[in-house]
Every structure is written in structure tokens, then in C-alpha cells.
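# Inside the fold
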Number of protein chains: 2
Amino acid sequence: MQISQTALTCTQSPMRKYHPYAVQAEAKGKKVYHLNIGQPDIPTPSAFFEAIRNFHEATVAYAPSPGIPELQKAVCDYYAKVGVNYQPSDVLVTTGGSEALLISMVCVLGRDDEIIVPEPFYPNYHTFATQIGGVLHPVATTPESGYHYADTALLESALTPKTRALLLTNPGNPSGTVLTAEERRLIADFVKKHDLWLIADEVYREFVYGGEPLSSFGTFDDIADRLILIDSVSKRFSACGARIGCLISKNADVIANALKFCQSRLSVATLDQIAATALYSTEADYFASVREEYHRRRDTVVRKLKEIPGVVCECPGGAFYLMAKLPVDDAEKFQIWLLEHFDDHGDTVMFAPGQCFYATEGLGKSEVRIAYVLNQNDLERAMDLLALGLEAYNRETSGK
Amino acid sequence: MQISQTALTCTQSPMRKYHPYAVQAEAKGKKVYHLNIGQPDIPTPSAFFEAIRNFHEATVAYAPSPGIPELQKAVCDYYAKVGVNYQPSDVLVTTGGSEALLISMVCVLGRDDEIIVPEPFYPNYHTFATQIGGVLHPVATTPESGYHYADTALLESALTPKTRALLLTNPGNPSGTVLTAEERRLIADFVKKHDLWLIADEVYREFVYGGEPLSSFGTFDDIADRLILIDSVSKRFSACGARIGCLISKNADVIANALKFCQSRLSVATLDQIAATALYSTEADYFASVREEYHRRRDTVVRKLKEIPGVVCECPGGAFYLMAKLPVDDAEKFQIWLLEHFDDHGDTVMFAPGQCFYATEGLGKSEVRIAYVLNQNDLERAMDLLALGLEAYNRETSGK
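Residues numbered from 1 in each chain as written. Chains lettered and ligands numbered in written order. Predicted model: local features only at pLDDT ≥ 70, side-chain atom pairs only at ≥ 80, totals over all residues.

What follows concerns the overall build of chain A. Summing up its helical and strand segments, chain A has 14 helices and 12 strands in all. When the 400 residues of chain A are sorted by exposure, 56% land in the buried category. Restricting to contacts in chain A with at least 6 residues of sequence separation, those with at least 24 account for 75%. (Helix = DSSP H or I, 4+ residues; strand = E, 2+ residues; numbered from the N terminus. Buried ≥ 20, exposed ≤ 12 C-beta atoms within 10 Å, placed from the backbone. Contact = placed C-beta atoms within 7 Å.)

Our focus in this paragraph is unusual backbone geometry. The step from Asn170(A) to Pro171(A) runs through a cis peptide bond, and the omega angle for that step is -10°. Looking at the element boundaries, Pro171(A) is found in the loop between β5 (163-169) and α9 (181-193). Cis geometry is adopted by the peptide bond preceding Pro120(B), which originates at Glu119(B) and carries an omega value of 5°. Position of Pro120(B) relative to the elements: it lies in the loop between β3 (114-119) and α7 (124-131). Unlike most non-glycine residues, Ala319(A) shows phi in positive territory, near 60°. Given 29 C-beta atoms within a 10 Å radius, Ala319(A) is considered buried. Although it is not a glycine, Arg243(B) sits at a positive phi angle of roughly 55°. Residue position: Arg243(B) is located in the loop between β7 (227-232) and β8 (244-248). On the basis of neighbour counts, which here come to 32 C-beta atoms within 10 Å, the residue Arg243(B) falls in the buried class.

Right, let's get into the sheet that holds β7(B). Note on sheets: strands pair through backbone hydrogen bonds, and any given pair is parallel or antiparallel. Residues and elements named next belong to chain B. The sheet built from seven strands is open, its strands ordered β2-β8-β7-β6-β5-β3-β4 with mixed pairing. For this open sheet the edge positions go to β2 (91-95) and β4 (135-140), each flanked by a neighbour on one side alone. Between one strand axis and the next, the sheet turns through 25° on average, direction left out of account. Direction of pairing for β3 relative to strand β5 (residues 163-169): parallel, over a ladder of three bridges. Bridging from a neighbouring strand, Ile115 pairs with Ala165 of β5. Running over the sheet, α7 touches β3, β4 and β5 and is turned about 145° from β4. (Pairing = 2+ DSSP bridges. Axes fitted to C-alpha atoms, helices over the stretch in contact; angles between N-to-C directions.)

Next up on the list: the interface of chain B and chain A. Tallying the contact residues gives 66 residues for chain B and 66 residues for chain A. Elements that contribute at least two residues to the side of chain B that touches chain A include exactly α1 (5-9), α4 (46-53), α6 (96-108), α7, α10 (252-264) and α11 (270-279) of chain B. Residue classes in the side of chain B that touches chain A are distributed as 28 nonpolar, 25 polar and 13 charged. (Nonpolar A, V, L, I, M, F, W, Y, C, P; charged D, E, K, R; others polar.)

Our focus in this paragraph is the relation of the copies chain B and chain A. Superposing chain B onto chain A requires a rotation of 180° together with a translation of 0.0 Å along the rotation axis, leaving an RMSD of 0.0 Å. Here the transformation between the copies is reduced to the relation of a two-fold axis. Taking C-alpha positions as reference, the residue of chain B nearest the rotation axis is Ile132(B), located at 2.4 Å. Residue by residue, 100% of the interface of chain B is reproduced at the interface of chain A, so both copies engage with the same surface. (Least-squares fit on C-alpha atoms with pLDDT ≥ 70 in both.)

Residue and element names in this part refer to chain A. Considered domain by domain, chain A is made up of domain 1 (5-43 + 285-394) and domain 2 (46-279). Each partner contributes to the interface: domain 1 provides 36 residues, whereas domain 2 provides 32 residues. Counting only elements with at least two residues in the side of domain 1 that touches domain 2, the list comes to α1 (5-9), α12 (284-306), β9 (321-325) and β12 (367-371). Grouping the amino acids of the side of domain 1 that touches domain 2 by side-chain chemistry returns 21 nonpolar, nine polar and six charged. (Domains from an automatic or database assignment.)

The structure is reproduced here in C-alpha cells:
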């Protein structure tokens, strides 16, 4: 039986590719410190659970296809605080930010139409684009420049007659890069000048460590008709398993067309929507303490990386990831070696090899993504293991 | 800004198209009896709510991409009772049957590849196929033949060099038609002979009223490698708002490729999966009483329809829908007229006009789908309103 070319063109999740090696390492009694996945360890605010326990309908019925009105309104109230004026009808609730991305792409990309994305990028973007017949066109950045992509000449180098949109994550995953106000303006001007859609994935909005106010591309009125915002409760409220995101746009055509796809899958889980609505009443001090925690962790990771000779890493401004170039020939080989052949007092460490965040062949081979989702002690230990591992690996591979 | 051709080719949900007319009728004080949507009024078993209330993790984390192992196992245990032997690794948990359909199609349909579907069919099939670049190829059936499609010559008439798959719903939505054992064998032989995939949407499996045992295409060992089953807890346990379905196949290539799309959206809602697992412990007497209730309702609807002169309707064997041909020029016009211009003591009725269940231009114009999801009293009243409405409409439109 023949599998479709579309499916064959997609790849297995690179983040989960190394899972069997970790399982094997753990079966041998090793303790693996996981810096490889974006699952935060922060508790979900209790409002989520209270809302679910207070549900007393007899039947768990379909919700409206655009989302429950209470959640659409809660999202708008939240955006008002960020300085953006959205109406509930501008918001479609989706099954995670993932579905918002898929639906956005199918609304703006026809067959073989291209979407520019700065690389390194979130690898699932590739699957979403391929699934609906679009093409992801990467623009490469480098560890040496701190993965900087807000550069008109760089972005223009990716334009073709088939370019329809620019997709970006800000704050960035995997790079942790945060756009400055000037850079956001530059991006807005770029999409205006070239008549492109802008799909802005802003799910890490709260995770910025420079003391700056929260930002959104939604604040630029002059690109409102070409902007599609991707948002989610997953990281904001440490509620990844709720699978509640949304697609937001002031372009009524986008909403009307996106709604067709929302209707085709009927609705988003009813109880999770109710619980997500409750999350939006979370007090500001929750975010302050979470931000402080991640800030401290980022500083730990960067400090530890700077102590390792040969590492290239600029201190990133946000999210809970960073990319670093390691003094190794091949980060994938190094990762597998760490799991198979290395331990320090029974411990080893796992990150996400960098190649999978690039579409351009050969890029990212010496890089890794580190997710700082462990508590302070574990994080220090994990970074020490990385340093020890690097030393041992390079000693072994250089034959000394 | 230009919306993609893919999105423009899709249509708004026909089921929701008449919603504004209903809102307006209700605003004028009319009571509308809804026979138009498939939202059952049966309570969700309490095990669902208990499982959610017993969740005491601090963080609502991502579930594994293929689904939680407990739910995969529960689905297999259920199939063992239906006489089909599946392994947990044959089961991918999806966000409703909807996502299972979308993922199945992207796995087997390349660009412009065709999938045969007997019409009338569930309209969202069209959106799923279009979204991933496939083409739905309908084979028309008629009310006069009870929407019978298990006919080799009929199915073969739809074959083209681009045909890759056959998609069917059994028991049928919208027709309520249930395949006999001989008809299922005929379908299995058809897909074998022409080397096609079979996507069998069996979400209404429990809703059969002829006293027959539960059936599944999974029982045919000789098509196991070409079969993809679509399943869901929505109708089975009256838990539509949980959005828990699954894609099942013994073809390891299908599972490996479908998993890529499951990984790209990370996971299905964690709490709903836990609650859905609990649903599978529901006792057999629950199904017996639900089946009895729908059986009674179906008999009521069919009896009432037979009393109306000029209606064409064969008694369907399952699901909680039936299609009927009414003695009207245009069921859509009739529906809008019922909402705008008709009432009996302040009451009117709503069904789903038939055209939207057909892809072939001009078919289904006089037909309607009736969902018998109301209690016995309301159902009797709704059917009386249909009879009264038909009489008044035909009197008015014939100018008498």
C-alpha cells in the first residue's frame, strides 16, 4: 500500500528521535537530565482545576466552533492589557497554538506558495506547511550573530514570486531571541512593502527578561489587515496539556475562512476551554514570579556556557530556550554518545541537537537547543554534565 | 490581502448556515424544535467527571503524541469485545474523529488523488480532503433505493487512475444506512480488487436497531493492511465536547506516518484522555438503554414520516439520523420559510436541508436530514410541525 508523498515528505519529530537512547540509558540505571523538551515544571494555576471541578452539566456537549464566548472575551481583555484592541469576533479558539498555525497556513498559502521563516525555527512549522501543500522558505541566521534576523536585506533575499507570508516566533523558539521595538517595526515595514501576510507566533510573550513591557505585533495598526497572531495558554499558564490556543486577526476574510476549518472539526474541547477561561483571571504576581524564576535559570545556563571553552552563545532575551554552538564535530553524534557512553557518577544530560531546527542542509550541525525547564539545582548539575561530557567526548574523539 | 484558493474552495458549515434564521425566529418569540444537529441529549456517563475530579497532578503537561497508553489499551479492550484484535501500537488517539479523518486523508491522498465517497455524505469530509490537496469523488445514491451504495458496478463507476481510497460511514451519517454482513464483504472485495485504502468511519457503531451484533471492517483479516478505522467517544458515550477520537490501523506504515502529524500538534488534551479512558469502563447496560431510546425515536420519526403524503423514506438501520425526500420544490427554501413565515401556536421546526450532503450539483434538493436527538414528546411535536408546515407551504407556494 502506498503512503502519500505529502506524508513521506514530513519527518518524525526530531525532538522525540533521541527518546529511545534515553530510555536505554535509563534502563542501564543512568539518570538523564532533560534539557531537550519544552515542558515547563511550573504548576498550572489552581483556577484551572477549580473551573473543571465546578462543571456540572449532565452532557459534555460540543462547544461553538469559534470557541466559547467567555474565552474569546477573556483573550480580548488580556490583549487590552498588552495595549492591543481586539474584539471577541477577531478570536478563534483552537486546539493549541498548533492548530492555529495549521489553519493560518491553509488560509494564506495556496499550492506551492512560500512562507519565509528565519532559521533556526520550530520544526513543526515544516510539517504544518507541507501538510497543506505550502513551502517553507528558510532564511539562515548564525550563532555568531545571536540568530539575528531582523535585517531587510536578509529577509528580501528570500523573496520569490511565490512568497505569500512571513512566519516568526517572538520571543524565539529555539533561539530565545527577542525582537526590539525597532526590529518589530522593520519587520512590519517589510511585510507591508512586499504585500505579505505576517503570521506572528507570540506564545512566549510573557517570557522576557530585560524588564521591557509585553509586546505584540498587534500594536501596529498599519499591518492589522495582514497580521495573524498565534497564541496559546500552554506556556503562559504552564498548561500545555490543555491544548488551548487561538488564532487572532482583524482581517475579517481570514476569520471567515479560518472558521470553515474550525467548523469542519466541530469544536475545541469544552472543559479545557472553560478551564482556560479561568486561567485568564490569574493575577499579575504569578507572571512576575514565573518570569523571575526563568530569568534566574537563563542566567545560570548562560554563565555555565561561558565557562566552557569554544562555546558560542549570545545571552538570549526571552522564551525558555537558547541555542549554542558547541566545540564538537556533530551535536547529534555527541548527544547519542552522551546517552550511550558517558556518565558522571551515573548521571548524563540530554538537549536537542541543532540540525533539526534548520531546513538548510548542513546548518546547525554543531549547535544544540537547551530548554531551561529544570529547577536551579538540577540545571546547575545538567550544565556541569554538559561541560564534563564535552571534555571527555573531545578527548575520546581526538584519540588522546 | 489574498486568501488561498484552498480556503476559498471550502465552504462554511452547511449545518450552521441556517443558524441566523433560527436566532431571528427565536428573537420573535418562536420556539424552534431542532432536528438539525447531531448533539445527543443523553447524559455523559459519570465516570468521565469522576476521572477529571480525581486528577491531582500539579501541572497539566503534554501527553505522549500517540495518546496516553491507558486509553490506547482501553480502545483495544473494547475492540476485543467487537471481535477485532488490535494492539495499543495500532491506535493513535486524536482530537475527535475529525482529526483522525484529516490525518488519514493526508497519509493516503497525494495531490489531486481521489477518494470515493458514497453521497449523501458528512459534509466535513469535503473540507478535510480539500485542506490536504485531495479530491473527493462522490458516487450518488437515491432516497428511492434507501441510499444503498454497496453495489460493485456503482462503486466501479467512480474509479479513475487517481483513485486511492474509499471512504464510508457505517452506520451512515446522514442516511442512517447500515451495511449488512454481505455488503461489508462486497466493499472489502472492492477495495482489494482495486488496490484501494478503505477509511471506515465507524463512530456510530453502537447505534444499530436490528438486534444485530456490533460490527467493524476490522473483522476482515484480508484487508487489514489497507484499512484505517476512524473512531470516537463522542457519540458512543455522548461526550462530543471531549474531542477524543482515534485512528486505528494494522498497517505499520500508516501508523508511522500518521504519527508524524500527531507529533506536529504535540498531543491531545490530557484530562480529556484520562476521562475518555474511564468512559471505556461503562457497563453494557448503558448502551442497551441508550440503544432502546434511539430505537424508539427512530420508529417515531419513521411512523410520522409515513403518515405524510409524498414523503420518500426507507426505515434506516442505525445512527441517529435519517434522510427523507419531502414533497417540496426546494428543502432549503422550505426550511427558511419554516423559520421566517411559519408557526403553529408559536412553534416551528428545523432540520438540515439535503443539498449540503451532496457534492453532485442538483442532487438532494428535495431532501432533508433529520437528527432524532430530542426526547419522545418533543420529537412527536417536531414531526407534527413538519407535517403542518409541509401542508401550509405547499398550499401557499401553489397559490391556493
